[in-house]
Amino acid sequence: MICISTNIKKIKKLPEIKHLSSVVFYIALVIELLLVLIDKSAFINPVEGRMFQIAFALFFIKFLLTEYSMREYVIFTIFLLMGLLADYFGDRNEIIRFAVALFACKDIEIKKGFKVIFWIQTIGCVLIAAASIIGIYGELTVEKEYQGEGLFTRYCFGMGNANSFHTMFFVSVLLGLYLYNEIIKWWGYILLICADLYLFKLTDCKTATALTLFSILAFWIAPILKEKSFRLFTWISRGMMVLNIVLLLLSVYFAAGARGYCKYYWDSFWENPPNPPYLIIFFDKLLTGRILSLTEYDYHGTMDSWTWFTTPNHNVYFDLGWVRLFYWYGIILAVIVIIVLFYILYWLQKMKKTNEFIFVSFILFHMFVEAHFVSVYIGRSYVLFLIGMLLPEILYVNKKRTEKC
C-alpha cells in the first residue's frame, strides 16, 4: 500500500500530469462561465443539467490528479459531508459541486485563473449586449411600473432586466480592477466612473451604480493611502470589515422583522397610522423594496421560514444575499460559510493582500443587497476560486514562517 501511494504521488508530480490537470480545470471553468452567460441571456438552456455534470466530472478529474496533504483531505471531507447532508435533506447538490471545484483550484495561479474568468465573462457580456443592440437576439429595453411613480423604460441589453445588466457591469469592473489596477492610469479610473454614471442613466440601478463607483474609488485610492499613511489605511480596512459585519447583522434583523413589520407596513399603507415602524420602512425604501419583496412568496426568506438545515422547498429566489444564504442552506451551513468568509477577509487584511481584501470586501457588500453571488452557478463564486487558490498558503503560512526562522 505504501509503495502504491508513493507511486501515485510520483505520477501526480510529473509535468505532463500537472499540465493535463491544468487543462482539465480550465475546460471545466469555461463551461461554468458559459453557464453563467447563458443564464444572463434570453436563451433558455436545454442542456444546463448536462453541462453541470460535465463540469463537475472535469473538476473531479482535476482533483484526482492533484496532490494534497492530509490536512487538506480532512477539510475536503468536511466540506463533502456538508454537501452530502445538503443534498440529502434539501435536494441541493451544489455544495458537493462547490467543494470539488474549490479543491480543484489548487496549483492554479490566481491571476491567470481570474484573467480567464474576466475575459470570458466580459467578452460574453459584450456579445449579449451587442446582439440586443443590433436586434439579433434579446430585448434592448424593458418596461417596469413603479408604485406611485408610473411606467419607466430601462435598458437591459439582452439580460432580462436592467439590474442584471448593471450587476454584470459591476462584477466585471471589480474583476478588472483586481487584476489590472496596478497598471491603470488616473484617467482610466475617470473613464470607468463616467461609464458607470452613464449606465445609471440607462438602467436606473442605484445599488449597482453605487457599488461600482465605490469599488473604483477604493482600488484607486488604496495604493495612494497605503503609501502615504499605512496606519490610516489599516484602520479603514478594519472599518470595512466591521461594516460588513454590521450589514450582515442588519440582514438578519430584516429577516427577523420582515414578516410582522411588512404586514404592519401594508396595513399602514392603507390605514396610515401615526407611528409606522420607521427603521424597516427606511431601509426598505433605501433598498428599493427588497425587504418587502420577502412577503411576495408567502413570507419565504423571513426568519420564521428558516430551518436549521435546508429543506427541498427552500428554492425561492429573491434579493438580499445574506438572507438567501440562510434560507437556501439553513442556519448551520450558513453560519459555517459566514465564518469561513469573514476569516478569509481577516486573513487577507492581516497578510496585507490589499487587492484581494478590497475584492472580497465588495463582494460581501454586494451580498447585503443582492444575491448574485449566492447561486448554483460556480462561475459566479469568485471567492470560492480565491479560497481554493490560496488554501495551501492559508493552511501552511505559519509553518513556512517557522521554517524560514
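In this convention, every chain numbers its residues from 1, walking through the sequence in written order. Under the rules for a predicted model, residues below a pLDDT of 70 receive no local features and side-chain atom pairs below 80 are neither given nor counted, while totals for whole chains, interfaces and linings still include all residues. Hydrogens and waters are ignored; side-chain quantities use all the structure's heavy atoms.

Draft legend 1. Summary view of the nonpolar core. Think of a nonpolar core as a cluster: buried Ala, Val, Leu, Ile, Met, Phe, Trp, Tyr and Cys residues, connected wherever their side-chain atoms sit within 4.5 Å. Classification of residues uses two cut-offs on accessible area relative to the type maximum, computed with a 1.4 Å probe and protein chains only: under 20% is buried, over 50% is exposed, and between them is partly exposed. Grouped together as the largest cluster of nonpolar side chains are 126 residues, with contacts concentrated most on Phe114, Trp322, Phe359, Phe362, Tyr382, Phe385 and Leu386. Helix numbering and strand numbering both begin at the N terminus, where a helix is a DSSP run of H or I of at least 4 residues and a strand a DSSP run of E of at least 2. Considering each element in turn, this core owes the most residues, 16 residues, to helix α12 (residues 321–350). Contact partners of Phe114, with chain neighbours within four places excluded, come to Leu175, Tyr178, Leu179, Phe359, Tyr382, Phe385, Leu386 and Met389. Any two residues having at least one pair of non-hydrogen atoms within 4.5 Å are treated as being in contact.

Draft legend 2. Focus on empty space enclosed by the protein. Method remark: on a 1 Å grid restricted to protein atoms, a set of points is classed as a cavity if a 1.4 Å probe fits but cannot get out and as a pocket if it is open with protein on both sides within 12 Å along at least five of seven lines; lining residues have an atom within 4 Å of a point. Grid points are joined across faces, edges and corners, and a volume is the space filled by probe spheres set on the points. All chains considered together, the criterion is met by one cavity of 30 Å³ or more. One number sums up the size of the largest cavity: a volume of about 530 Å³. Taken together, 24 residues make up the lining of the largest cavity; nearest its centre are Phe98, Leu325, Val337, Leu341 and Leu384. Every element with two or more residues in the lining of the largest cavity is listed here: α4 (70–90), α5 (94–104), α12, α13 (354–369) and α14 (382–404). With seven residues, α12 is the single largest residue contributor to the lining of the largest cavity. Amino acid classes used here: Ala, Val, Leu, Ile, Met, Phe, Trp, Tyr, Cys and Pro are nonpolar; Asp, Glu, Lys and Arg are charged; the rest, including Gly, are polar. Split into classes, the residues belonging to the lining of the largest cavity amount to 22 nonpolar, two polar and no charged.

Draft legend 3. Fine view of the layout of surface pockets. Roughly 480 Å³ of volume is contained in the second largest pocket. What lines the second largest pocket is a set of 19 residues, and nearest its centre among them are Ala210, Leu211, Phe214, Leu247 and Phe368. Every element with two or more residues in the lining of the second largest pocket is listed here: α9 (206–228), α10 (230–271), α11 (278–286) and α13. Counting residues per element, the lining of the second largest pocket draws most heavily on α10, at six residues. Of the residues in the lining of the second largest pocket, the class split is 15 nonpolar, three polar and one charged.

Draft legend 4. Local environment of α4. The first and last C-alpha atoms of α4 sit 30 Å apart over 21 residues, in line with the 30 Å expected at 1.5 Å per residue. Within the span of α4, buried status applies to Glu72, Phe76, Met82, Gly83, Ala86 and Gly90. The buried residues of α4 occupy an angular sector of 115° when the element is viewed end-on, so they sit on one face. Seen from the buried face of α4, the exposed residues on the opposite side, beyond 90 degrees, are Met70 and Tyr88. A positive backbone phi angle near 55° is found at Asp91, which sits one or two residues after α4. Here the expected length of a helix is defined as 1.5 Å per residue gap, with one fewer gap than residues. Think of it as the arc spanned by the lines of direction from the helix axis to the C-beta atoms.

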